[in-house]
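Overview (structure and organization)
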Amino acid sequence: MLTAAALPLLSAGSAWAQASPRPEHPQVTLAVGGRTALYYLPLTIADQLGYFKDEGLEVELQDHAAGSLALQSMLKGAADLTAGSYEHVIDLRRRGVNARSFVFLGRAPQMVLGVSTRAFPQFRELAQLRGRRVGITAPESATHWFAKFLLGRGGLQPTDVEYVGVGNSTAAASALREGRIEAIANIDPVITLLEFRGEIRVLSDTRSLRGTHDLYGGPMAAGCLYAPQDFVLRYPKTVQALTNAVVRALKWLQTAGPSDIVQAVPEAYMHGDRAIYLAALGKAREAMSPDGMISDESVETTHRVMAQYMSTSPVVRAPSPAATFTNDFALRAKRQFQV
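Residues numbered from 1 in each chain as written. Predicted model: local features only at pLDDT ≥ 70, side-chain atom pairs only at ≥ 80, totals over all residues. Heavy atoms only, no water.

Let us now look at the overall build of the chain. What the chain contains, in helices and strands, is 15 helices and 10 strands. The C-alpha radius of gyration of the chain comes to 19 Å, within 12% of the 20 Å expected for a compact globule of 339 residues. A principal-axis box enclosing the C-alpha atoms of the chain has dimensions of 60 × 50 × 35 Å. The buried share of the chain, taken over its 339 residues, is 56%. Considering only contacts within the chain whose residues lie at least 6 apart along the sequence, 80% involve residues at least 24 apart. Accessible surface for the chain amounts to roughly 13,500 Å². Of this, 50% is attributable to carbon and sulfur atoms. One way to put it: in the chain the 34 positive side-chain charges average out to a point 2 Å from where the 31 negative ones average out. (Helix = DSSP H or I, 4+ residues; strand = E, 2+ residues; numbered from the N terminus. Rg over C-alpha atoms; globule rule 2.2 N^0.38 Å. Buried < 20%, exposed > 50% of the residue type's maximum accessible area, 1.4 Å probe, protein only. Contact = heavy atoms within 4.5 Å. Areas by Shrake-Rupley, 256 points an atom, 1.4 Å probe, with all protein chains shown as cover. Lys, Arg positive; Asp, Glu negative; His and termini not counted. Charge placed at Lys NZ, Arg CZ, Asp CG, Glu CD.)

Structure follows, in structure tokens:
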């Protein structure tokens, strides 16, 4: 049973569901870059606690091993919209594709780079990764760009290492454990699982606001829901309904205790170890957005960093910050649920 603190929110949400306008596109397919990852926990909560249904939505959470693969599903028309990193929205704009993010799941990237303690018992510097295999969720994913950014700061070129797609589930941990990769750029709960077992040494950690600022020189955007601009314009009530459900889930997460999380999250998402999952959540809580909105400073930092990621890529269209996000839907949801 949920804690008493969560019950007023359920009642308020039910009242809102009765008064809210019905979405124009009630059956939605949302491509997710690894639904068991804590990066996407607000979506799990919105789904499991019935918040999408309260908004008049039937949401199919289409699971993929990484955000870049979820993005491809949307571009091919197999999904209406995507849950993934804000960097993808900027990259789409550069490639001439109009898309817009409208609610944010996090306010820090939650990505971690670690090296295998077995492969590098005496690790000293990033240059030691030259010629080695680095696990990422998938090519051209946020973890791929994150790893290239970090290794570039260590003097390594993208071709100096071999990047291997391993997803963000237990298969990623197995890849490191079995020696198929010697370093890993990934998210939780996979990273905490490897940490607790002493299998990695963490080199860079963006699960905290401070760690993010130290790496990027400012706040950095994280996961969000985004859709083709045409979808946002044609179905504003649907976009608002999706945003309401996510913001409501974010509010629930601010006060939810361990017992609430264990009851709300499917057991399979915990990869057989509740204690490690809850420990991972403890590390990730600060990185989760409190209200679904993004600050102007975070937008500016992300655009600046992406310009470095993509310095050698051709630009079809300038990635204007104002064209890649809107806070309007999240602001309305924030006011409604008094976040």
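After presenting the structure, the write-up continues.
For the rest of this paragraph, the subject is the side chain of Glu-182. Along the chain, Glu-182 falls in the loop between α7 (170–177) and β8 (183–186). A polar atom in the side chain of Glu-182 sits 2.4 Å from the side chain of Arg-133. (Polar contact = N/O pair within 3.5 Å; in protein donor to acceptor, adjacent residues only side chain to side chain.)

On to the pattern of salt bridges. Taken as a whole and assessed by the stated rule, the structure comprises 13 salt bridges. One salt bridge connects Asp-47 with Arg-35, and the closest N-O pair in it is separated by 3.6 Å. With Asp-47 in helix α2 (residues 41–48) and Arg-35 in the loop between β1 (27–32) and α2, the pair connects residues that are 12 residues apart, well separated along the chain. The exposure class assigned to Asp-47 is partly exposed, which follows from its relative accessible area of 29%. (Salt bridge = Lys/Arg side-chain N within 4 Å of Asp/Glu carboxyl O.)

It is worth spelling out the pairing of β8 at this point. Burial along β8 is two-sided: Ala-183 and Ala-185 facing one way and Ile-184 and Asn-186 facing the other are all buried. For strand β5 (residues 112–116) and β8, the ladder comprises four bridges, and the chain directions are antiparallel. The residue bridging Gly-114 from the neighbouring strand is Ile-184, located in β8. Where strand β6 (residues 133–136) and β8 come together, two bridges link them in parallel fashion. When the bridges of β8 are listed, Gly-135 appears paired with Ile-184. (Pairing = 2+ DSSP bridges.)

A few words now on the sheet that holds strand β3 (residues 81–85). A sheet is described by the order of its strands in space; here five strands give the open sequence β2-β1-β3-β10-β4, paired in mixed fashion. The open sheet terminates on both sides in strands that have one partner only, identified here as β2 (58–63) and β4 (99–104). Neighbouring strand axes in the sheet, compared pairwise and without regard to direction, differ in orientation by 30° on average. Here β4 runs beside strand β10 (residues 223–228); their pairing, made up of five bridges, is antiparallel. Residue pairing in the sheet places Phe-104 in a bridge with Cys-224 of β10. (Axes fitted to C-alpha atoms, helices over the stretch in contact; angles between N-to-C directions.)

Here the focus is unusual backbone geometry. Cis geometry marks the peptide bond from Asp-188 to Pro-189; its omega dihedral reads 15°. Summarising the element assignment, Pro-189 is placed in the loop between β8 and α8 (190–196). Backbone geometry at Glu-140 places phi at a positive 60°, although glycine is not the residue there. With respect to the element layout, Glu-140 can be found in the loop between β6 and α6 (142–153). Overall, the relative accessible area of 38% leaves Glu-140 in the partly exposed class.

Moving on, we come to the packing of aromatic side chains. Between two aromatic rings, the relevant description is the distance of the centres plus the angle of the planes. Per the stated rule, a full pass over the model turns up six aromatic pairs. Ring centres of Tyr-39 and Tyr-40 lie 5.0 Å apart, and the angle between their planes is 75°; on these two criteria the pair is classed as edge-to-face. With respect to class, Tyr-39 is no different from Tyr-40; both count as buried. Against the face of Phe-329 rests Arg-332, its NZ or CZ located 5.1 Å from the ring centre. (Phe/Tyr/Trp six-rings, centres within 6.5 Å; stacked < 30°, edge-to-face > 60°. Lys NZ or Arg CZ within 6 Å of the ring centre and 35° of its normal.)

Along the chain, Ser-204 turns up in strand β9 (residues 200–205). The residues touching Ser-204, leaving out its near neighbours within four places in the chain, are Met-111, Val-112, Leu-113, Phe-146, Leu-150 and Leu-215.

This brings us to the sheet that holds β6. Strand pairing in a sheet relies on backbone hydrogen bonds, with the paired strands running either antiparallel or parallel. Here we have five strands laid out as an open sheet, ordered β7-β6-β8-β5-β9, and mixed in their pairing. At either margin of the open sheet sits one strand with a lone partner, and together these are β7 (162–165) and β9. Put simply, the sheet's adjacent strands are angled 25° from each other on average, direction ignored. Its contacts with the sheet put α7 on β5, β8 and β9, and the angle it makes with β8 is roughly 165°.

A word on the packing of α6 against helix α14 (residues 296–309). Contact geometry for α6 and α14: axes closest at 10 Å, N-to-C directions at 75°. On the basis of the axis angle, α6 is roughly perpendicular to α14. Contacts between α6 and α14 involve Trp-145, Phe-146 and Phe-149 on the former and, on the latter, Val-305, Met-306, Gln-308 and Tyr-309. Partitioned by chemical class, the residues of the contact of α6 with α14 number six nonpolar, one polar and no charged. (Parallel < 35°, antiparallel > 145°, perpendicular 65-115°, else oblique. Nonpolar A, V, L, I, M, F, W, Y, C, P; charged D, E, K, R; others polar.)

These values are about where atoms sit, not about what they do.
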